[in-house]
Amino acid sequence: MPTLDTSTEPSGARRVGDLTPDLLLTGEHHLCPGCGEPLALRCLLDTITDLEVTTQTIGVVGIGCYTAFTTSIDVDLVQALHGRAPSVATGIKRMRPDAVVFTLQGDGDMVNEGLQEVLHTAARGEAVTCVLLNNGVFGETGGHMTATTVLGQRTKNTIDGREAEYHGYPILIGDLISRLEGASYVARGSVHNAGAVARTKKMVRRALESQRRGDGFSFVEVLTMCPTGWFIPTGESPEYLHETLGAVHVMGELKVDGRVKTTDELHTENVARQREVEARLAAGGLDG
Amino acid sequence: MTTIAVRGAERRLMEGSEAIALASIAAGCRFFAGYPMTPFTEVLEHFARYLPEVGGTCINAESELEAVGMAWGALATGARAATGSTGQGLSLMQESFAEITLAELPLVIFNLARGQGDYFQATRGGGHGDYRHLVLAPVDITEAVELTQLAFHLADRWRNPVLVYGDYLTAHVEESVSVDPIDFGPVPDKDWAVDGATTGTGHAKLLSPLGLAKFGAEPIGIEAHLRRIVAKQHEIERTEARAETGYLDDAETVVVAFGSPARFVRSVVRDLREAGERVGFVRPITLWPFPADAVAAAAGARTVAVFELSAGQLIDDVRLAVLGRAPVVGIGGISTDGSGFGVGRLLDVETIRDRVLAVHRGGADAALPPLPDNERTLW
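It should be emphasised that the depicted structure is a prediction, and the values quoted were computed from it without experimental measurement.

Colleague: Help me understand the nonpolar core in this model?
Modeller: The nonpolar side chains of a soluble globular protein tend to be buried with one another. Grouped together as the largest cluster of nonpolar side chains are 126 residues, with contacts concentrated most on Ile177(A), Phe217(A), Phe219(A), Phe32(B), Phe47(B), Phe110(B) and Val318(B). With 10 residues, helix α7 (residues 141–158) of chain B is the largest single contributor of residues to this core. The next biggest cluster of nonpolar side chains, apart from the first, holds 44 residues, and it includes Ala40(A), Cys226(A), Ile232(A) and Leu245(A).

In structure tokens:
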């Protein structure tokens, strides 16, 4: 079988642009092919740069696959225990009120191990931004059920799919947080396609802006692909994410300016958005 | 600052809880988070009252786990910060204590314990992995004022947590004290603290217990990271042990005790000396590093007696220091009030004197007098 020589750039190759985020020290990582976490990370890093808050940003990172980012991003970071990042972020923010403080946590970290941490921090209205990377499995241990695993989802310890009767129901963490008075901005994004990534990036921006205004606690959940933990082909994972986790953990802004939206409202909005896109495509494209 | 200086400098009757909070603030502590629990509760109350006056923050945390996490964050910014509880509450914080030690953050922890059964928890730790905390055990409120300030100094000097072990009496006995700031000398700059200023410069910081370094920086590796911390702890062991000793030169019986009960023991030994009995005492001030040399000096005695309000924990360290050169016998034991706060019948000078004398006259195998039936102490 012929193989391509990738040791040198092909003649005539042209670099169209360097899209590497400013705050990335290296592209080297230990994540699996098809992992959605780097896309969520890009949304966060690019937003920090765009908002020009770089030299006042401090992050707190939980324990999960994304812990690997601690060495590869050019951000002042504190490594927290599994689940405990929101309290650490609280201590940082109280001592440095001018800093932009975020946490980066997975669903196992935030919704299993440290559920009370994020709820209490939200209720206290701490001006920090918690970012949840939600793929519905413990990716680092190899694909085990978490508190956000949706019904029917196969994991290593729900081989035939999560059953409510035996395993209980998933927690919709964004919905829970949105009901707390101290939470000012709550949104759920996804990285299953380019449009979703763009929407998610806007959510991250609004969350950080809310923190800078001192409005209270802000929260962005990002649904991410984990083909390894889901045991499905890499290429199918964005669609799987959209159709399984995305159908339960519905994408959208759950709380803006104190107004809370239900999952049904978000679903209705998303359908309308989809229809509009389809109509524009039928009318000649999305340009403009 | 002025307010606190005035509050602290004015010599007056002050309970230990208030003295500890004011001494912490005098030492520069600007963050405290805790969760109420007897007999620690009033330490939290006093921090809540005084810290805002100096621009500091006290958070009534929703749990002990969150309290220690908040202190972790405050420490990461370079602030002097502390948390505390009783031993029960500290049990919940052990995972964080272990990791904070490996992240080399200078946490100060107060255990206002229910008795002395947390000796193992304090000196061995209930967390995972190879780590040690310096442990300071004040005998009274005057010493609590000094050791509280020393705790913040040692934590910064060694980048290692320091635990102050007190009890119900430390928390609630009132003594006439003044809180004067003590200068223990310089500590290293906190150039490791995060403030966000290095984000995006190519030299961002990472405070990690895992021995990780940013890409491009000198890689550390978990093994080298742990070895370095162990080497540091050996140096602490070599240099920081402290003890008070009395009448050891010709003592036939030496009593070892720490914390508030050591105050009773010291009084008993002084009285017995005045009565012509050749007894002495050793009071470890640091429980870790254990003052093994001071205790070993007691090994020339006929009997080494250990008075502690537990089933026998300190006695293990005493035996390790004495190394079989003298019999070591426990003359304390389980003793508590009805609420379990550790203030029981054994905490009584007459009872302690009877026990010291029994061993002094009869040697290590002497039967100890039974506890008095009537509750002569507080309860």
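Colleague: Can you walk me through the interface of chain B and chain A in this structure?
Modeller: In many reports, interface size means the accessible area that the parts give up when they come together. Listed by partner, the interface residues are 40 residues for chain B and 34 residues for chain A. Here chain B meets chain A over a buried area of about 3100 Å², counting both sides, of which 62% is carbon and sulfur. Contact with chain A buries surface across chain B, with Glu66(B), Thr199(B) and Phe215(B) losing the most and accounting together for 20% of the total. Note that Arg124(A) is salt-bridged to Glu62(B), the shortest N-O span being 2.8 Å. Only β2 (29–34), β3 (57–60), α4 (64–76), α5 (87–102) and β9 (206–207) of chain B provide two or more residues apiece to the side of chain B that touches chain A. Per-element tally for the side of chain B that touches chain A: the top contributor is α4(B), with eight residues.

Colleague: Sorry, what's going on with the packing of aromatic side chains here?
Modeller: When we look at a pair of aromatic rings, we describe it by the centre distance and by the angle of the planes. All names here are of chain B. Applying the stated criterion to the full structure yields nine aromatic pairs over all chains. Judged by centre distance (6.5 Å) and plane angle (40°), the ring pair of phenylalanine 47 and phenylalanine 110 falls under tilted. Remark: phenylalanine 110 occurs in strand β5 (residues 108–113) and phenylalanine 47 occurs in helix α3 (residues 41–50); sequence separation between them is 63 residues. Classification of phenylalanine 47 by relative accessible area gives buried; the value is 0%. A connected cluster of aromatic rings, assembled from ring pairs, spans Phe32, Phe40, Phe47 and Phe110.

Colleague: Quick question: what am I supposed to make of the side chain of Ser210(A) here?
Modeller: Residues and elements named next belong to chain A. Positionally, serine 210 belongs in helix α8 (residues 194–213). For serine 210, a relative accessible area of 2% translates into the label buried. Not counting the four nearest positions on each side in its chain, serine 210 is found in contact with Ser184, Tyr185, Asp215 and Ser218.

What counts and how
- Residues numbered from 1 in each chain as written.
- Chains lettered and ligands numbered in written order.
- Predicted model: local features only at pLDDT ≥ 70, side-chain atom pairs only at ≥ 80, totals over all residues.
- Heavy atoms only, no water.
- Core = buried A, V, L, I, M, F, W, Y, C linked by side-chain atoms within 4.5 Å.
- Buried < 20%, exposed > 50% of the residue type's maximum accessible area, 1.4 Å probe, protein only.
- Helix = DSSP H or I, 4+ residues; strand = E, 2+ residues; numbered from the N terminus.
- Contact = heavy atoms within 4.5 Å.
- Buried area = accessible area lost by both parts, 1.4 Å probe.
- Salt bridge = Lys/Arg side-chain N within 4 Å of Asp/Glu carboxyl O.
- Phe/Tyr/Trp six-rings, centres within 6.5 Å; stacked < 30°, edge-to-face > 60°.

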